[in-house]
Amino acid sequence: MSKKIAKLAVSPLPEPTVLVTVKAQDTRPNIITVAWTGVFSYDPPMVYIAVHPARYSNSILKESMEYVINIPSDNLAKLTDYCGIVSGKNVDKFEATGLTPVPANKVKAPLIEECAVNIECKVKDILNYGSHDIFVGEIVAVHYDEDAINEEGTPDVEKIRPYGYSFGEYRSMGAKLGVAGYSKSK
């Protein structure tokens, strides 16, 4: 097989697609779509989101120092796209989309009721290595819809139905290939 050097594209495949909610003292709650996010520590539990400084939510994040990562199911892809292309400076995205804000337990930003998973975070650091600010967040609470939990009491990906973003397209997750450690099982 031969490989071709492509035009530089920053895109591990796929990137998770999430709705991040933010709220500062004198602002209404806002929703921003983020594809640059992930977990990088489980002890303490830490995540990050990357937000361009020109985005309306960037200044809210810097003022409030907290956010909620809301993981939408694939049926919310169109609303998620909308929240990424319209500025919260001009539009109340909760009102425009019909999504429901629910008070969080530990932060001012609301949870999104329609999202199966909500992760409350407190910003511990802000980094900038180029085009985006990276908001490092410590997870302070995690919420799951009851119907997203399986019989064993653990989150069920097939019920949550997360999806990703790759090269300008939203893509659903495929079939289960195995579980951690299955390569060594007999």
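Residues numbered from 1 in each chain as written. Predicted model: local features only at pLDDT ≥ 70, side-chain atom pairs only at ≥ 80, totals over all residues. Heavy atoms only, no water.

Peer 1: I would appreciate a short explanation of the sheet that holds strand β12 (residues 169–172) in the present structure.
Peer 2: Hydrogen bonds along the backbone pair up the strands of a sheet, which may run parallel or antiparallel. Pairing within the open sheet is antiparallel, and its three strands lie in the order β1-β11-β12. At either margin of the open sheet sits one strand with a lone partner, and together these are β1 (15–16) and β12. As paired strands, β1 and strand β11 (residues 163–166) are joined by two bridges and run antiparallel to one another. Among the inter-strand pairings, Pro 16 is bridged to a residue of β11, identified as Gly 164. (Pairing = 2+ DSSP bridges. Helix = DSSP H or I, 4+ residues; strand = E, 2+ residues; numbered from the N terminus.)

Peer 1: Where do I start with helix α1 (residues 56–64) in this structure?
Peer 2: Every α-helix winds through 3.6 residues per turn, so residues three or four apart in the chain are directed the same way. Within α1, burial applies to Ser 57, Asn 58, Ile 60, Leu 61 and Ser 64. Looking down the long axis of α1, one finds its buried residues gathered within 165 degrees of arc, a one-sided arrangement. The inward-facing, buried residues of α1 abut β2 (18–22), β3 (30–34), β5 (45–51), β6 (66–71) and β10 (133–144). Immediately downstream of α1, the backbone of Met 65 shows phi near 60 degrees, a positive value. (Buried < 20%, exposed > 50% of the residue type's maximum accessible area, 1.4 Å probe, protein only. Arc of directions from axis to C-beta. Contact = heavy atoms within 4.5 Å.)

Peer 1: Explanation requested: the pattern of salt bridges in the structure shown.
Peer 2: Opposite charge on two side chains lets them pair, provided their charged atoms get close. Under the defined criterion, the tally for this structure stands at six salt bridges. Lys 122 is paired through a salt bridge with Glu 66; the nearest N and O atoms lie 3.7 Å apart. Pair noted here: Lys 122 is in strand β9 (residues 117–128) and Glu 66 is in strand β6, with a separation of 56 residues, a long-range link. With a relative accessible area of 5%, Glu 66 lands in the buried category. The structure contains a network of salt bridges with shared partners spanning Glu 66, Lys 108 and Lys 122. (Salt bridge = Lys/Arg side-chain N within 4 Å of Asp/Glu carboxyl O.)

Peer 1: When you look at the nonpolar core in this model, what are you seeing that I'm missing?
Peer 2: The biggest cluster of nonpolar side chains holds 23 residues, and the ones touching the most others in it are Val 20, Ile 49, Tyr 67 and Ile 69. Every element with two or more residues in this core is listed here: β2, β3, β5, α1, β6, β9 and β10. Ranked by the residues each element gives to this core, the list is headed by β9, at four residues. Residues within four places of Ile 69 in sequence aside, it is in contact with Val 18, Leu 19, Val 20, Thr 37, Val 47, Ile 49, Val 117, Asn 118, Ile 119 and Cys 121. (Core = buried A, V, L, I, M, F, W, Y, C linked by side-chain atoms within 4.5 Å.)

Function cannot be read off these values alone, since they describe shape.
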